[in-house]
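Examination of the molecular architecture
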Amino acid sequence: MQSSFWDPVETVSQDEMAALQAERLRDCLARMVVSVPFYREKLGAMGVEPEDIRSLDDLARLPFTVKQDMRDSYPYELFAVPMDDVVRIHASSGTTGKMTVVGYTVNDIALWADLAARSLSIAGVDQSDIIHVAYGYGLFTGGLGLHYGGERLGATVVPASTANMRRQIELAQDFGATVLCCTPSYSLFLGEQAAELDADLSKLRLGVFGAEPWSEEMRSEIEARFGITALDIYGLSEVIGPAVAMECQYKRGMHLAEDHFIPEVVDPATGEPLPNGEIGELVFTCTTKEALPLLRYRTGDLTRLERGRCLCGRTTIRMEKTLGRADDMLIIRGINVFPSQIEAELLRTDGLEPHYELLLERGESHMDDLTVRVEASEKLYRDSEDVGAVERKLAVTLQSRLGVGCRVEVVAPKQMPRSEGKAVRIVDNRRI
Ligand code: DLL
């Protein structure tokens, strides 16, 4: 094991892990029935007592928690501790409805810092690194999550946040950033501006990118542009924030902190658990957090899980790069596609930049019409005759590879919006 900060739990056998998880689950249920009326009522209605939980197989008998439950409990009703013990609040706005509010005790913040340090360590970060954190600081968990993790690890953290691109680049260059933490889409924006300013970011060696889906093709693009290794970090505020799962240098899926967050993959339609290796909706049971323990929280994210020792030596279960959220799946004339699949095809096409959006409109026959808008490279745009050819070719490729009929619109360089945080890929103009 190469890393400087690792927990022995990362290399235990599957049986040892399952025993630890079952014990923590029982303890968590015991706390919940005492402190959270929502869970007391749900478990009571199902006739489940904490001591009925003998092994992890009993997990499937427990009720799900969904985002709507969190919204209905706005702001604090799901908290398992009195507000006097809550020292931090984060919240995610989502696109519709009320915010989802999450709370942390002193111990929760310490756990989060430990897990974020573990994640950074899995990525190969150590004390000698200078971490430029360009995730947003605020109610979003990205900035503060990586910040505390970097400090816990003993690295040097630069809390750049997302504002002011010129300043951002000056900081990364002058302070000698070796690790960049931000969304993959923001890294592209930063790289583009750094090139325009002729900045020297040659000390950068690693990117810890997440908070939004990004394809393998996007990874290759970012790695080539910066000359770095780009690794995927996953998390969600409901569970803790970033550091739920992190890729190691072998890029064989993200190592999940399953000692704290028990993962399951279920059929998104029926909720039935699926065997490891099958794609479905990721569900987490958060057993160790004090302020906001959660039972079987449905993330909406689609992925698959894989067991087995990784080349890095860790035995923790790994989750594959997510396909995206079930809600983001487009149904175009009866065909299901994820934006990340379209992204992969765009990036395989010469002459296009990795900046795109997917425009949805209700066509005349009430079918969904998709327009893929993507930016041309300077070179392609100079030979404007080729733009039409690329549009036609890409439309044919998308039709044959993904089965999706769509219009492709290649726009002039720098015409697509650049994001400061999570990229907005879908513009939905369909009237309901
Ligand atoms: O995005 C936490 C985070 C911050 C993760 C920084 C990684 C880095 P939320 O704002 O609550 O939390 O959004 C959570 O973002 O359910 C996924 O749909 C998506 N997501 C997060 N990480 C990834 C990833 C943060 N690596 C939601 N790949 C999740 C794909 C991701 N999607």
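Scroll up for the structure.
As the structure is a computational prediction, the values presented were derived from the model and not from experiment.

**What to know about the sheet that holds strand 4 (residues 156-158)**
- The sheet built from 9 strands is open, its strands ordered 4-3-5-6-7-8-9-14-13 with mixed pairing. With one partner strand each, in any of the chains shown, strand 4 and strand 13 (305-306) form the two edges of the open sheet.
- With 3 bridges joining them, strand 3 (residues 130-133) and strand 4 adopt parallel strand pairing. Residue His-132 lies in a different strand from strand 4, and its bridge partner there is Val-158.
- Sitting on the sheet, helix 5 (residues 142-153) touches strand 3, strand 4, strand 5 (179-182), strand 7 (229-236) and strand 8 (241-247), and the angle it makes with strand 3 is about 170°.

**Looking at the side chain of Asp-301**
- When you line up the elements, Asp-301 lands in strand 12 (residues 294-303).
- The exposure class assigned to Asp-301 is buried, which follows from its relative accessible area of 9%.
- Side chain to side chain, Asp-301 and Tyr-234 meet in a polar contact 2.6 Å long.
- Leave out the neighbours within four places in its chain, and Asp-301 touches Tyr-234, Gly-280, Glu-281, Leu-282, Thr-322, Gly-324 and Arg-325.

**Concerning the sheet that holds strand 20 (residues 407-411)**
- With mixed pairing, the 4 strands of this open sheet are ordered in space as 20-19-18-21. The open sheet has two edge strands with one neighbour each: strand 20 and strand 21 (426-428). Here the average twist between neighbouring strands, direction ignored, is 20°.

**Let's talk about the site of the ligand**
- Taken together, 20 residues lie around the ligand, and Asp-232, Ile-233, Ser-237, Asp-301 and Lys-422 are the ones closest in.
- Contact between the ligand and Ile-233: a nitrogen atom at 2.7 Å from a main-chain N or O atom of the residue.
- Within the side chain of Asp-301, a nitrogen or oxygen atom sits 2.6 Å from an oxygen atom of the ligand.
- When the ligand sits alone it has 610 Å² of accessible area, and the protein chains cover 93% of it.
- Here the shell around the ligand gets 5 residues from one element, more than from any other, and that element is strand 7.
- A per-class count over the shell around the ligand returns 8 nonpolar, 6 polar and 6 charged.

**Structural notes on the packing of aromatic side chains**
- Enumeration according to the criterion identifies 7 aromatic pairs in this entry.
- A ring pair is formed by Phe-209 and Trp-214, whose centres lie 5.9 Å apart and whose planes are at 80°; its orientation type is edge-to-face.
- Ring geometry for Tyr-234 versus Phe-284: centroids 6.4 Å apart, planes at 35°, classification tilted. Taken together, the positions of Tyr-234 in strand 7 and Phe-284 in strand 11 (residues 280-286) put the pair 50 residues apart, joining distant regions of the chain.
- Judged by relative accessible area, which is 0%, Phe-284 ranks as buried.
- Of note, Arg-219 hangs over the ring of Trp-214, and the distance from its end group to the ring centre comes to 5.8 Å.
- Across the ring face of Phe-64, the terminal group of Arg-298 is positioned such that the distance to the ring centre comes to 4.8 Å.

Quick notes on the rules
- Residues numbered from 1 in each chain as written.
- Predicted model: local features only at pLDDT ≥ 70, side-chain atom pairs only at ≥ 80, totals over all residues.
- Heavy atoms only, no water.
- Pairing = 2+ DSSP bridges.
- Helix = DSSP H or I, 4+ residues; strand = E, 2+ residues; numbered from the N terminus.
- Contact = heavy atoms within 4.5 Å.
- Axes fitted to C-alpha atoms, helices over the stretch in contact; angles between N-to-C directions.
- Buried < 20%, exposed > 50% of the residue type's maximum accessible area, 1.4 Å probe, protein only.
- Polar contact = N/O pair within 3.5 Å; in protein donor to acceptor, adjacent residues only side chain to side chain.
- Near = heavy atom within 4 Å.
- Areas by Shrake-Rupley, 256 points an atom, 1.4 Å probe, with all protein chains shown as cover.
- Nonpolar A, V, L, I, M, F, W, Y, C, P; charged D, E, K, R; others polar.
- Phe/Tyr/Trp six-rings, centres within 6.5 Å; stacked < 30°, edge-to-face > 60°.
- Lys NZ or Arg CZ within 6 Å of the ring centre and 35° of its normal.

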